[in-house]
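What the coordinates show
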Amino acid sequence: MPTLAVNIDHVATIRQARLATFPDPLKAALVAEEAGAHGIIAHLREDRRHINDNDVERIAKETSTLFHLEMAATDEMRKIARRVKPYSVCLVPEKRKELTTEGGLAVAGRVKHFKDYVGPLQDDGIKISLFIEASSEQIDAAAEIGVEYVEIHTGHYADAEDYESRKRELEKIFVGIGYAQDLGLKVNVGHGLDYDNILSFSKIPAINEYSIGFSIIAEAVFTGLKPAVARMAALVADFSA
Ligand code: PXP
């Protein structure tokens, strides 16, 4: 059965807009859990533009579902992850100037580098996910590195401006999901998914988890967080019916 992990970064984005002490992303995480989220995601960016170190510590300690830490593959982040011990670490590419993660991590051709990087995390019992494009080269490399999960980037599909390109992007994602599953990888999907465009995934078997942030927090402005999460969780639950 697919699960929903809610990314609460943008609760911290609102807090940081005023450099205030609220809204608290931990409080949002607890509400999301109450509303049916199966996991909580926070991206600790190198520039700390939204989530900060203290948020990560508190979320790791006080949430009761699975905590997924998104981060760049740097030494600093690995030290933090080893201290905080999330359920999983999702490695993402990071550029300082981007508004949000712009594409998948390039792991093809860098198998040894990433194997060495994730080894100590895996020794600590932390599961590893790689946020990658739905390309066979990247998926092959992920399998070689020996990670447990890949998260297939759905952003190009979500951003596609016309029917044909949306269809093309979706087809790439579907092929990639099947390819990764055949290699024994568990497959998550995420980026740019919302209450409408997620429906294209309803017939795809065995997606492990949907990783969704922005659309839920945006919806929460109008409905409150609990109904916004509950509505997305109900959609995802229906996919397995
Ligand atoms: N997955 C990854 C790896 C991401 O970087 C993000 C954005 O932080 C998401 C999923 C969630 O994307 P969105 O906020 O567009 O739902």
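The chain appears in an unreviewed UniProt entry as Pyridoxine 5'-phosphate synthase from Oceanidesulfovibrio marinus. In UniProt, the chain has this text filed under Catalytic activity (unreviewed entry): "3-amino-2-oxopropyl phosphate + 1-deoxy-D-xylulose 5-phosphate = pyridoxine 5'-phosphate + phosphate + 2 H2O + H(+)". According to the UniProt record, the Function (unreviewed entry) comment for the chain reads "Catalyzes the complicated ring closure reaction between the two acyclic compounds 1-deoxy-D-xylulose-5-phosphate (DXP) and 3-amino-2-oxopropyl phosphate (1-amino-acetone-3-phosphate or AAP) to form pyridoxine 5'-phosphate (PNP) and inorganic phosphate."

The next thing to look at is the UniProt feature "binding site: 3-amino-2-oxopropyl phosphate" (unreviewed entry) in the chain. In the UniProt entry, the feature "binding site: 3-amino-2-oxopropyl phosphate" (unreviewed entry) is given for Asn7, Arg18, Gly192, Gly213 and Phe214. Taken along the chain, the residues just named run across 208 residues; in space they spread out, the farthest C-alpha pair reaching 25.3 Å. Topologically, Asn7 is positioned in strand β1 (residues 3-7). When near neighbours in sequence (up to four residues on either side) are disregarded, Asn7 contacts Ile41, Glu70, Ile212, Gly213 and Ile217. A distance of 2.8 Å separates a polar atom in the side chain of Asn7 from the backbone nitrogen of Asp9.

This paragraph deals with the UniProt feature "binding site: 1-deoxy-D-xylulose 5-phosphate" (unreviewed entry) in the chain. On the UniProt side, "binding site: 1-deoxy-D-xylulose 5-phosphate" (unreviewed entry) is annotated at positions that read Asp9, His10, Arg45, His50 and Thr100 here. Here Asp9 lies in helix α1 (residues 9-17). Here Asp9 is in contact with Ile41, Ala42, His43, His50 and Ile51, once residues within four sequence places are set aside.

Moving on, we get to helix α5 (residues 111-123). When the terminal C-alpha atoms of α5 are compared, their 18 Å separation across 13 residues agrees well with the 18 Å that a helix rising 1.5 Å per residue should span. The set of residues buried in α5 consists of Val111, Phe114, Tyr117, Val118, Gly119 and Leu121. Of the residues flanking the end of α5, it is Gly125, one or two places downstream, whose phi is positive at about 90°.

Of all five residues in strand β6 (residues 149-153), five are buried, a share of seventy percent or more. Here four bridges tie strand β5 (residues 127-132) to β6, and the two strands are oriented parallel to one another. Paired with Ser129 across the bridge in β6 is Tyr149. A crossover connection joins β5 to the parallel β6 through helix α6 (residues 136-145); in handedness this β-α-β unit is right-handed. Sheet analysis places β6 next to strand β7 (residues 186-190), joined by five bridges and oriented parallel. Its bridge partner being in β7, Tyr149 is matched across the sheet by Lys186.

Procedures and definitions
- Residues numbered from 1 in each chain as written.
- Predicted model: local features only at pLDDT ≥ 70, side-chain atom pairs only at ≥ 80, totals over all residues.
- Heavy atoms only, no water.
- UniProt positions renumbered as here; feature names shortened; annotations may be inferred.
- Helix = DSSP H or I, 4+ residues; strand = E, 2+ residues; numbered from the N terminus.
- Contact = heavy atoms within 4.5 Å.
- Polar contact = N/O pair within 3.5 Å; in protein donor to acceptor, adjacent residues only side chain to side chain.
- Expected span 1.5 Å × (residues − 1).
- Buried < 20%, exposed > 50% of the residue type's maximum accessible area, 1.4 Å probe, protein only.
- Pairing = 2+ DSSP bridges.
- Right-handed = clockwise from strand over helix to strand, strands pointing away.

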